[in-house]
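# A structural walkthrough
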Amino acid sequence: MAVFYKLAQNTITNSKTNGKWYAHTAIVGTVGLKQMADIIQRNCSMKRSDVTAVLTELPEVMRDLMQQGYRVDVEGLGAFKFQVYSQGTDSVSEFNAAKHIKRVKVIFQPETEYDKSSGTRPKYLTQGVTFADVNDLAAKAALDQKEEEEAGQQVEP
């Protein structure tokens, strides 16, 4: 399946690239925990309730481990760790974490696999990605709906 994109024009007036068109990822929906558990259940011997229980616990365990200073590696997916942003101080003794650390965010580092033929390390989740204009998806959906309506109107002999 393709990654859908839509085009958007840069409208920032003082930008060097004003007026140029760029591709932006087009999200066509959201898949939640229940839907993922259903898919996993179809692909393995676990029941959806078991999968849901494990997936529900995962964020809490990851948070706890990262708060203890660990980098959490989910094999096949990637690694998660915290990154902090702070104001600088003139000396070590001046630094106060509560005052100078301004925010923390989660950094995701996708899993990579070594490709011997090219000597590169492509990201596992993006291997085999193809692209399609999201307008093509809308056109296909409209065509499918029209075909369904026409099929429903046909009278059987």
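All values reported here derive from a predicted model rather than from experimental measurement. (Residues numbered from 1 in each chain as written. Predicted model: local features only at pLDDT ≥ 70, side-chain atom pairs only at ≥ 80, totals over all residues. Heavy atoms only, no water.)

## A short note on the overall build of the protein
Where we set the bar: Put simply, DSSP marks the helices as runs of H or I at least four residues long and the strands as runs of E at least two long, and each gets a number from the N terminus on. For the radius of gyration, the atoms used are the C-alpha atoms, and the globule rule reads 2.2 Å times the number of residues raised to 0.38. Only protein chains enter the accessibility calculation, which uses a 1.4 Å probe; a residue is then buried when its area is under 20% of its type maximum, exposed when over 50%, and partly exposed in between. Contact definition: two residues touch when any of their heavy atoms are within 4.5 Å. For every accessible area listed, the method is Shrake-Rupley and the probe measures 1.4 Å; residues are considered covered only by the protein chains on display. When charges are counted, Lys and Arg contribute as positive and Asp and Glu as negative, whereas His and the chain ends are disregarded. Note on charges: their place is set at NZ of Lys, CZ of Arg, CG of Asp or CD of Glu.
Scanning the protein from terminus to terminus reveals four helices and six strands. Helices and strands appear in the protein in the N-to-C order β-β-α-α-β-β-α-β-β-α. Relative to the 2.2 N^0.38 estimate, which gives 15 Å for 157 residues, the radius of gyration of the protein is 24 Å and therefore markedly larger than a compact globule would have. Projected onto its principal axes, the C-alpha coordinates of the protein cover approximately 90 × 55 × 40 Å. Taken across its 157 residues, the protein has 10% of its residues classed as buried. Within the protein, counting contacts between residues at least 6 apart in sequence, those at least 24 apart form 32% of the total. Of the roughly 12900 Å² of accessible surface on the protein, a fraction of 53% belongs to carbon and sulfur atoms. A distance of 9 Å separates the average location of the 19 positive side-chain charges in the protein from that of its 20 negative side-chain charges.

## Here we look at the sheet that holds strand S1 (residues 3-9)
Quick note on the threshold: A pair of strands is labelled paired if DSSP reports no fewer than 2 bridges between them. To get an axis, fit a line to the C-alpha atoms, keeping to the stretch in contact for a helix; angles then go from 0 to 180 degrees between the N-to-C directions.
With respect to topology, three strands assemble into an open sheet ordered S2-S1-S6, the strand pairing being mixed. The sheet terminates laterally at strand S2 (21-25) and strand S6 (131-133), the two strands that pair on one side only. Put simply, the sheet's adjacent strands are angled 45° from each other on average, direction ignored. Where S1 meets S6, three bridges bridge the pair, whose relative direction is parallel. Looking across to S6, one finds that Tyr5 is bridged to Asp133.

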